[in-house]
Amino acid sequence: MARRTIIAGNWKMYKTHEEAVSTTLALIDGKGGMKGREMAIFVPAVFAREVASMSKGKGLDVGMQNMYNQKEGAFTGENSPVMVKDAGCRYILIGHSERRHVFGEKDEIINAKVRAAYEFGLEPMLCIGELLEEYEAGKSKEVCRNQLIADLRGITVDQMKVMTIAYEPVWAIGTGKVATPEIAQNIHAYCREVLTELYGKETGEIIPLLYGGSVKPDNAAGLLSQTDIDGLLVGGASLKADSFIAIANA
Ligand code: PGA
């Protein structure tokens, strides 16, 4: 089975309602050829229902950037997996570095969210990646390995068939310092080894591994040319439709 290629955008906490609608329209209009790649956007919760309904059947998948791990309850300010699904989302982003490092999410809660995604029919995109000091200490592989093991605890081979993983070195996110294609490929190949160890060769081979961190139209092609880089997770450069489309076509 061939591995899918996914170009995903993460809008983070940007855009007014009007901007969300106009960017979505521009993406639907301008997607073009995309070389058989899939396109997805992770939008703020308040825009999810409308963006998902605009994108339905248009080759643009939608997800939210975070959720809680419970079906419902007294959890003020949170969104449940049922709500994400009901809004029309296919995906849920889990464990983004800003969730881990700004909001203090630990592997235990990230694992609970991954389980909840499956329980309520969402496809998780799990983000992993090391901090600058861990990178400088030569611990990138160790950190990714530990995160994969902890965050995927209890997830079955069957469930892994709809898993996507994004490697995002924290030192490259929003900093303009992109990992070179060689650095990224090296970690991706290692992550695939870990996934193969955990889930077997067949599953390890088909899980799409996306790279994220300062992806721009001019560095996207180099990253995508690597054997184990199956897509990109794009923050800043996904906010404008033309730059995101340029990345998707790179
Ligand atoms: P960036 O963000 O492309 O702005 O570095 C990537 C991300 O946080 O997913």
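We now turn to the structure provided with this report. (Residues numbered from 1 in each chain as written. Predicted model: local features only at pLDDT ≥ 70, side-chain atom pairs only at ≥ 80, totals over all residues. Heavy atoms only, no water.)

## Description of unusual backbone geometry
Moving on, step 1. Its identity is not glycine, yet Lys15 carries a phi of approximately 95°, on the positive side.
Moving on, step 2. Turning to its location among the elements, Lys15 is positioned in the loop between β1 (6-10) and α1 (17-30). (Helix = DSSP H or I, 4+ residues; strand = E, 2+ residues; numbered from the N terminus.)

## A look at helix α7 (residues 140-151)
Moving on, step 1. With twelve residues, α7 extends 16 Å from end C-alpha to end C-alpha; this agrees with the ideal 16 Å at 1.5 Å per step.
Moving on, step 2. Among all positions of α7, only Ser140, Val143, Cys144, Gln147, Leu148 and Asp151 are buried. Down the axis of α7, the buried side of the element spans an arc of 130°, and every buried residue falls inside it.
Moving on, step 3. Among the structural elements, α4 (97-101), α5 (107-119), β5 (123-128), α6 (132-136), β6 (164-167) and α9 (181-199) are those in contact with the buried residues of α7. (Expected span 1.5 Å × (residues − 1). Buried < 20%, exposed > 50% of the residue type's maximum accessible area, 1.4 Å probe, protein only. Arc of directions from axis to C-beta. Contact = heavy atoms within 4.5 Å.)

## Here we look at the sheet that holds β5
Moving on, step 1. Here we have eight strands rolled up into a closed barrel, ordered β1-β2-β3-β4-β5-β6-β7-β8, and parallel in their pairing. Pairwise comparison of adjacent strand axes, ignoring direction, gives a mean angle of 25° for this sheet.
Moving on, step 2. With five bridges connecting them, β1 and strand β2 (residues 38-43) associate as parallel partners. Bridge assignment links Ile6 to a residue of β2, and that residue is Glu38.
Moving on, step 3. Strands in contact with helix α2 (residues 45-55) are β2 and β3 (60-64); relative to β3, the strand with the most contacts, it is inclined by about 165°. (Pairing = 2+ DSSP bridges. Axes fitted to C-alpha atoms, helices over the stretch in contact; angles between N-to-C directions.)

## Digging into α5
Moving on, step 1. With 13 residues, α5 should cover 18 Å at 1.5 Å per step; its first-to-last C-alpha distance of 18 Å lies within 8% of that length.
Moving on, step 2. All of the buried residues in α5 are Ile110, Asn111, Lys113, Val114, Ala116, Ala117 and Tyr118.
Moving on, step 3. Next to the buried residues of α5 lie α3 (81-86), β4 (91-94), α4, β5, α7 and α8 (157-160).
Moving on, step 4. Of the residues flanking the end of α5, it is Gly121, one or two places downstream, whose phi is positive at about 80°.

## Notes on the side chain of Gln65
Moving on, step 1. Among the secondary structure elements, Gln65 is positioned in the loop between β3 and α3.
Moving on, step 2. Gln65 sits in the buried class, given a relative accessible area of 18%.
Moving on, step 3. A polar contact is formed between the side chain of Gln65 and the backbone oxygen of Lys12, at a distance of 3.0 Å.
Moving on, step 4. Polar contacts involving the side chain of Gln65 include one to the main-chain carbonyl oxygen of Phe42, which spans 3.2 Å.
Moving on, step 5. Dropping the residues within four chain positions of it, Gln65 is found in contact with Asn10, Trp11, Lys12, Phe42, Val43, Pro44 and Leu93. (Polar contact = N/O pair within 3.5 Å; in protein donor to acceptor, adjacent residues only side chain to side chain.)

## A look at the packing of α7 against α9
Moving on, step 1. At a closest axis distance of 10 Å, the pairing of α7 and α9 adopts a crossing angle of 35°. Crossing geometry of α7 relative to α9 is assigned as right-handed. Side by side, α7 and α9 meet where Ser140, Lys141, Cys144, Arg145, Leu148 and Ile149 of the first sit next to Asn186, Ile187, Tyr190, Cys191, Val194, Leu195, Glu197 and Leu198 of the second.
Moving on, step 2. When grouped by side-chain class, the residues that make up the contact of α7 with α9 number nine nonpolar, two polar and three charged. (Left-handed = near helix turned anticlockwise from the far one by under 90°. Nonpolar A, V, L, I, M, F, W, Y, C, P; charged D, E, K, R; others polar.)

## Structural notes on the packing of aromatic side chains
Moving on, step 1. The full count for this structure, using the stated rule, is four aromatic pairs.
Moving on, step 2. On the basis of an interplanar angle of 50° and a centroid distance of 6.1 Å, the ring pair of Phe42 and Tyr91 is categorised as tilted. Of this pair, Phe42 sits in strand β2 while Tyr91 sits in strand β4, and the two are 49 residues apart along the sequence. The pair formed by Phe42 and Tyr91 is uniform in burial state, with each residue classed as buried.
Moving on, step 3. Sitting above the plane of the Trp11 ring, Lys15 keeps its charged end 5.0 Å from the centroid. (Phe/Tyr/Trp six-rings, centres within 6.5 Å; stacked < 30°, edge-to-face > 60°. Lys NZ or Arg CZ within 6 Å of the ring centre and 35° of its normal.)

## A short note on the pairing of strand β8 (residues 231-234)
Moving on, step 1. Along β8, one buried face is formed by Gly231 and Leu233 and the opposite face, lined by Leu232 and Val234, is buried too.
Moving on, step 2. Inspection of the sheet shows strand β7 (residues 209-212) paired to β8 by two bridges, in the parallel sense. Within β8, the position partnered with Tyr211 by the bridge is Leu232.

## A word on the site of the ligand
Moving on, step 1. Close to the ligand lie 13 residues; Lys12, His96, Glu168, Gly174 and Ser214 are nearest.
Moving on, step 2. In the environment of the ligand, an oxygen atom lies 2.7 Å from a nitrogen or oxygen atom belonging to the backbone of Ser214.
Moving on, step 3. Contacts to the ligand include Gly236, whose backbone N or O atom sits 2.9 Å from an oxygen atom.
Moving on, step 4. Burial of the ligand by the surrounding chains reaches 96%, relative to a free accessible area of 280 Å².
Moving on, step 5. Among the residues forming the shell around the ligand, the class breakdown is four nonpolar, seven polar and two charged. (Near = heavy atom within 4 Å. Areas by Shrake-Rupley, 256 points an atom, 1.4 Å probe, with all protein chains shown as cover.)

## Side note on the nonpolar core
Moving on, step 1. With 65 residues, the main nonpolar core has Ile41, Leu152, Met163, Ile165, Tyr211 and Leu232 as its most contacted residues.
Moving on, step 2. Ranked by the residues each element gives to this core, the list is headed by α9, at seven residues.
Moving on, step 3. Other than its neighbours up to four places away in sequence, Met163 contacts Val114, Tyr118, Pro124, Leu126, Leu152, Ile207 and Pro208.
Moving on, step 4. Counting eleven residues, the second-largest nonpolar core is a separate cluster that includes Ala8, Tyr91, Met125 and Ala166. (Core = buried A, V, L, I, M, F, W, Y, C linked by side-chain atoms within 4.5 Å.)

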